[in-house]
2 protein chains.
Amino acid sequence: METLSSNISNRDVASLLHRHGVQPTAQRTEIALAIFCNAGHQSADEVYEAVNADATRVSRATIYNTLKLFVDRGMIRPVIVAPGKVFYDPNMAPHYHLYDTDTGELTDIGADQVKIHGLPKLPPDKQLDGVDVVVRMRSHPNSPHGAH
Amino acid sequence: METLSSNISNRDVASLLHRHGVQPTAQRTEIALAIFCNAGHQSADEVYEAVNADATRVSRATIYNTLKLFVDRGMIRPVIVAPGKVFYDPNMAPHYHLYDTDTGELTDIGADQVKIHGLPKLPPDKQLDGVDVVVRMRSHPNSPHGAH
DNA sequence: GTGCTTGCAAATGCTTTGCACAAAA
DNA sequence: TTTTGTGCAAAGCATTTGCAAGCAC
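All values derive from a computational prediction rather than experimental measurement.

> What is the right way to look at the pairing of strand β5 (residues 106-110) of chain A in this model?
On a regular strand, each side chain points to the face opposite its neighbour's, so the side chains alternate between the two faces of the sheet. Residues and elements named next belong to chain A. Bridging between strand β4 (residues 95-100) and β5 involves five bridges; their strand directions are antiparallel. Counterpart to Leu98 in the pairing with β5 is Thr107. Joining the antiparallel neighbours β4 and β5 is a turn of five residues, in which Gly104 adopts a positive phi near 80°.

> Explain the protein's contact with DNA strand C here, please?
Within the structure, DNA strand C sits among 15 residues, and Thr25, Arg28, Ser59 and Thr62 of chain A together with Tyr64 of chain B are positioned closest to it. Considering the 4 Å shell around the protein, atoms of DNA strand C inside it are sugar or phosphate in 82% of instances. At a separation of 3.1 Å, a sugar or linking oxygen of DNA strand C approaches a polar side-chain atom of Gln27 of chain A. Within the backbone of Arg57 of chain A, a nitrogen or oxygen atom sits 3.1 Å from a phosphate oxygen of DNA strand C. Breaking the surface near DNA strand C down by element, the ones donating at least two residues are α2 (26-37) and α4 (60-72) of chain A together with α4 (60-72) of chain B. With three residues, the single largest contributor to the surface near DNA strand C is α4 of chain B. Classifying every residue of the surface near DNA strand C by side-chain character gives six nonpolar, seven polar and two charged.

> Please explain the packing of helix α3 (residues 44-53) of chain B against α4 of chain B as it appears in this structure.
Between two packed helices, both the angle of their axes relative to each other and the distance between the axes serve to describe the pair. Residue and element names in this part refer to chain B. Where α3 contacts α4, the two axes come as close as 10 Å, and the packing angle between them is 120°. Comparing their axes, α4 and α3 come out oblique. Viewed along their axes, α3 and α4 form a crossing whose handedness is right-handed. Of α4, the residues touching α3 (which contributes Ala44, Asp45, Val47, Tyr48, Glu49 and Val51) are Arg60, Ile63, Tyr64 and Leu67.

> Just checking my understanding: could you explain the relation of the copies chain B and chain A for this structure?
Each of the two chain copies can be generated from the other by rotation about an axis followed by a shift along it. The two copies are related by a screw motion: chain B maps onto chain A through a turn of 180° and a shift of 0.0 Å along the axis, at an RMSD of 0.1 Å. In the structure described here, the two chain copies are related by an operation that fits a two-fold rotation axis. The share of interface residues of chain B whose copies in chain A are also at the interface is 100%, consistent with both copies meeting through the same surface.

> For this particular structure, what's the right way to read the pattern of salt bridges?
Any two side chains of opposite charge can pair, so long as their charged atoms come close to each other. A complete count under the given rule lists twelve salt bridges over all chains for this structure. Of the charged contacts in the structure, one is a salt bridge between Arg60 of chain B and Asp45 of chain B, with a shortest N-O distance of 2.7 Å. Placement of Arg60 of chain B in helix α4 and of Asp45 of chain B in helix α3 is noted, with a sequence separation of 15 residues between them. Because the salt bridges share partners, they merge into one network encompassing Arg77 and Asp132 of chain A together with Arg136 of chain B.

> Help me out: how do you make sense of the packing of aromatic side chains in this one?
Here a ring pair, both rings aromatic, is described through the centre-centre distance and the interplanar angle of the planes. Enumeration according to the criterion identifies zero aromatic pairs over all chains in this entry. Directly above the ring of Tyr48 of chain A sits Arg60 of chain A, whose terminal nitrogen or CZ lies 3.9 Å from the centroid.

> Just to check I follow, could you spell out the interface of chain B and chain A for this structure?
Listed as interface residues are 38 residues of chain B and, on the opposing side, 38 residues of chain A. At the junction of chain B with chain A, the criterion picks out eight salt bridges. Between Asp102 of chain B and Lys126 of chain A there is a salt bridge, with the nearest N and O atoms lying 3.4 Å from each other. Elements with a contribution of two residues or more to the side of chain B that touches chain A: β2 (77-82), β4 (95-100), β6 (115-117) and β7 (126-139) of chain B. Of all the elements, β7 of chain B adds the most residues to the side of chain B that touches chain A, at 14 residues. Taken together, the residues that form the side of chain B that touches chain A break down as 21 nonpolar, eight polar and nine charged.

> Mind showing me how you'd approach the nonpolar core here?
Side chains of a nonpolar character, in soluble globular proteins, are inclined to be buried together. Ranked by internal contacts, the top residues of the largest apolar core, which has 51 residues, are Phe70 of chain A together with Phe70 of chain B. When residues in this core are grouped by element, the largest group, seven residues, is from helix α2 (residues 26-37) of chain B. Setting aside anything within four residues of it in sequence, one finds Phe70 of chain A in contact with Leu17, Val22, Arg28, Ile31, Ala32, Ile35, Met75 and Ile76 of chain A. Counting 19 residues, the second largest nonpolar core, distinct from the first, contains Ala111 and Val114 of chain A together with Val131 and Val135 of chain B.

> In this structure, what is going on with the sheet that holds strand β3 (residues 85-89) of chain B? I would like to understand it.
One key point about sheets: their strands pair by backbone hydrogen bonds, in either a parallel or an antiparallel sense. All names here are of chain B. Strand order in the open sheet made by the three strands is β1-β3-β2, with antiparallel pairing throughout. Of all the strands in the sheet, just β1 (42-43) and β2 have a single pairing partner and so form its edges. Both β2 and β3 contribute to a ladder of five bridges, which runs antiparallel. Paired with Ala82 across the bridge in β3 is Lys85.

About the cut-offs
Residues numbered from 1 in each chain as written. Chains lettered and ligands numbered in written order. Predicted model: local features only at pLDDT ≥ 70, side-chain atom pairs only at ≥ 80, totals over all residues. Heavy atoms only, no water. Pairing = 2+ DSSP bridges. Helix = DSSP H or I, 4+ residues; strand = E, 2+ residues; numbered from the N terminus. Near = heavy atom within 4 Å. Polar contact = N/O pair within 3.5 Å; in protein donor to acceptor, adjacent residues only side chain to side chain. Nonpolar A, V, L, I, M, F, W, Y, C, P; charged D, E, K, R; others polar. Axes fitted to C-alpha atoms, helices over the stretch in contact; angles between N-to-C directions. Parallel < 35°, antiparallel > 145°, perpendicular 65-115°, else oblique. Left-handed = near helix turned anticlockwise from the far one by under 90°. Contact = heavy atoms within 4.5 Å. Least-squares fit on C-alpha atoms with pLDDT ≥ 70 in both. Salt bridge = Lys/Arg side-chain N within 4 Å of Asp/Glu carboxyl O. Phe/Tyr/Trp six-rings, centres within 6.5 Å; stacked < 30°, edge-to-face > 60°. Lys NZ or Arg CZ within 6 Å of the ring centre and 35° of its normal. Core = buried A, V, L, I, M, F, W, Y, C linked by side-chain atoms within 4.5 Å. Buried < 20%, exposed > 50% of the residue type's maximum accessible area, 1.4 Å probe, protein only.

Nothing here speaks to function; it is geometry throughout.
Have a look at this one:
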């Protein structure tokens, strides 16, 4: 529904924040803009760079706090691809990820393409929190990138 | 020390190391024993504790270096469940994981139970490095554990 | 004024690295 | 001897937190 990755105005962001019960401060609006306009997945540091590319100055603490807030409020979701490598994904629709180990690039795999069957039943006191699928790929061992 | 779920002797470990081209030092043997005897998934720190529970003293540096070596040699594989939360899985057979967000517990899902269809074709210069599936579950919001 | 928000800087947690010493080939 | 492995302590990186100052209602 609110998977808008293209042209988003400040008003859209304001309403997005409002819908998720987040007070729209200047910093949060900047951060939301950076996340929802710059399509794709960004790390906390990339968000920091994006937000501070223009005049605005937002501290790393606020970046992290805000990303955490957005995650808690279900506006974005974290994608963990390697230890210490977390991307934030504005696409809340069910989908999966393709990760290039060599370049660190992360791309989406639509949920409609992939079908997963046979996931186990959860204990009654537990609820499903999400299914993370990361397909990892890398260059062949003999190709330029694959050398080690 | 080791609660052996599967009975693995030092000789088995020695041959395992040898088969993977790893020189069997005392420390590596200890670490391998800890990983392959203590069933289940352990973090680097848990391996450190397990190895040093008895007399043996192996430094953290060696634990990390050795785990990395084992991963590179295809003896174990890392499972990343959260930023800064990496488990090492001695089960190299294709399978998936169920992660309990509340307790931090990680359990296996056999690959035979789960079927995944429709994964995208990779670019010709890339090879599949692995498919990581982590099913995340947590307590219901109103249950004891779910409170936040 | 009261309560939420921000941001600096310090602290944390996990992991890697530099370097000297020890062991093995 | 030459190579390889070990371990301490220091460095590194990503993230969190304590706390004081700022802003909003």
